Amino acid sequence: GESVGLHLPTLSVQEGDNSIINCAYSNSASDYFIWYKQESGKGPQFIIDIRSNMDKRQGQRVTVLLNKTVKHLSLQIAATQPGDSAVYFCAEKGQGAQKLVFGQGTRLTINP
Amino acid sequence: SAVISQKPSRDICQRGTSLTIQCQVDSQVTMMFWYRQQPGQSLTLIATANQGSEATYESGFVIDKFPISRPNLTFSTLTVSNLSPEDSSIYLCSALGTKSNTEAFFGQGTRLTVV
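Residues numbered from 1 in each chain as written. Chains lettered and ligands numbered in written order. Predicted model: local features only at pLDDT ≥ 70, side-chain atom pairs only at ≥ 80, totals over all residues. Heavy atoms only, no water.

Caption draft 1: Examining the interface of chain A and chain B more closely. Residue-level contacts link 19 residues of chain A with 18 residues of chain B. Buried area between chain A and chain B, both sides added, is near 1400 Å², and the carbon and sulfur share of it is 54%. For chain A, the biggest contributors to the area lost against chain B are Gln-98, Lys-99 and Phe-102 of chain A; these three give 34% of the whole. The interface formed by chain A and chain B holds one salt bridge in total. Between the two partners, chain A and chain B, sit five residue pairs in polar contact (both at pLDDT 80 or more). Of all elements in the fold, only strand S4 (30–38), strand S5 (45–51) and strand S9 (86–94) of chain A reach the threshold of two or more residues within the side of chain A that touches chain B. (Contact = heavy atoms within 4.5 Å. Buried area = accessible area lost by both parts, 1.4 Å probe. Salt bridge = Lys/Arg side-chain N within 4 Å of Asp/Glu carboxyl O. Polar contact = N/O pair within 3.5 Å; in protein donor to acceptor, adjacent residues only side chain to side chain. Helix = DSSP H or I, 4+ residues; strand = E, 2+ residues; numbered from the N terminus.)

Below, the structure written as structure tokens:
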């Protein structure tokens, strides 16, 4: 069945360093992927998305990479700040579907 | 982006009772969804709230336990019925906008504790 998973449940990085959060997905028919950030006590917040016809997309301090060959997705955050501490979820949507399937989440901690 | 408001933000309920959660979107949206997020875990889709018709439930979720209403394009409710401690969780409303039928926006969630 469909599943989206993450390699690491926790990640700690030094403030100012770059961080990479990984995600593996199993549905080869997925054509749209999103990264969400969830801070404590809040709902998930959209960060960046990518369609399956792309392999890279950049935003402000964030980059998403998609490798369809190995069904792998990553989120790179440059020059991490204390405000980046949160749980990050990847989510995928199958072609023609509307609902999102979420990965298990990675807790990112930024150390001062 | 759409702004989604959920009420209540948290509640403590007695087992056997029910809680109805309201979700209001500040613009018309095509799709609305209800998710459950158990402590320390990811989001699991409960159902898609369909405007003017019965909700579409995911495997493991049934209408008798999680009745959903969606009377118009901006509002939906989720009721969690016959509460038990296992229902203690965060419940999240989500919506897809009409302009961008791709990314989904979320409310801040309702933290339910059943005692």
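Read on, since the account is not over.
Caption draft 2: Main features of the state of the cysteines. As enumerated under the stated definition, the model contains two disulfides over all chains in all. Across the disulfide from Cys-23 of chain A sits Cys-90 of chain A; the S-S distance is 1.9 Å. Residues Cys-23 of chain A and Cys-90 of chain A are joined through a disulfide that is right-handed, its torsion about the S-S bond being 50°. Of this pair, Cys-23 of chain A sits in strand S3 (residues 19–25) while Cys-90 of chain A is found in strand S9, placing the two residues 67 residues apart along the sequence. According to the relative accessible area criterion, Cys-23 of chain A is buried, its value standing at 1%. Relative accessible area serves as the criterion here: at 0%, Cys-90 of chain A is assigned to the buried category. The disulfide that involves Cys-23 of chain B links it to Cys-93 of chain B, with 1.9 Å between the sulfurs. One quick way to see it: the torsion about the S-S bond of Cys-23 of chain B and Cys-93 of chain B is about -70°, and its sign makes the bridge left-handed. Residue Cys-23 of chain B is located in strand S3 (residues 19–25), and its partner Cys-93 of chain B is located in strand S9 (residues 89–97); the two are separated by 70 residues in the primary sequence. As far as the burial class goes, Cys-23 of chain B and Cys-93 of chain B line up, both buried. Cysteine Cys-13 of chain B shares no disulfide, and the gap to the nearest cysteine sulfur, in Cys-23 of chain B, comes to 18 Å. When its relative accessible area of 8% is taken as the criterion, Cys-13 of chain B is described as buried. (Disulfide = S-S within 2.5 Å. Buried < 20%, exposed > 50% of the residue type's maximum accessible area, 1.4 Å probe, protein only.)

Caption draft 3: Region of the structure containing unusual backbone geometry. Of note, the bond from Lys-7 of chain B into Pro-8 of chain B is cis; its omega dihedral lies within 30 degrees of zero at -10°. Although it is not a glycine, Ala-79 of chain A adopts a positive phi angle of roughly 50°. Note on placement: Ala-79 of chain A falls in the loop between strand S8 (72–77) and S9. You can call Ala-79 of chain A partly exposed: its relative accessible area is 37%.

Caption draft 4: Seen up close, the pattern of salt bridges. Residue and element names in this part refer to chain A. Using the criterion set out here, one finds five salt bridges over all chains in the structure. A salt bridge links Asp-84 to Arg-61; the nearest nitrogen and oxygen atoms lie 2.9 Å apart. With Asp-84 in the loop between S8 and S9 and Arg-61 in the loop between strand S6 (56–58) and strand S7 (62–67), the pair connects residues that are 23 residues apart, well separated along the chain. Taking relative accessible area as the criterion, Asp-84 reaches 6% and is therefore assigned buried.

Caption draft 5: The arrangement of the sheet that holds strand S7 (residues 68–72) of chain B in detail. Residues and elements named next belong to chain B. A sheet is described by the order of its strands in space; here four strands give the open sequence S1-S3-S8-S7, paired in antiparallel fashion. Pairing within the sheet leaves two strands with one partner each, and these edge strands are strand S1 (4–7) and S7. Ignoring strand direction, the axes of neighbouring strands in this sheet form an average angle of 15°. When S1 meets S3, the two strands line up antiparallel, connected through four bridges. Of the residues in S3, the one forming a bridge with Ile-4 is Val-25. (Pairing = 2+ DSSP bridges. Axes fitted to C-alpha atoms, helices over the stretch in contact; angles between N-to-C directions.)

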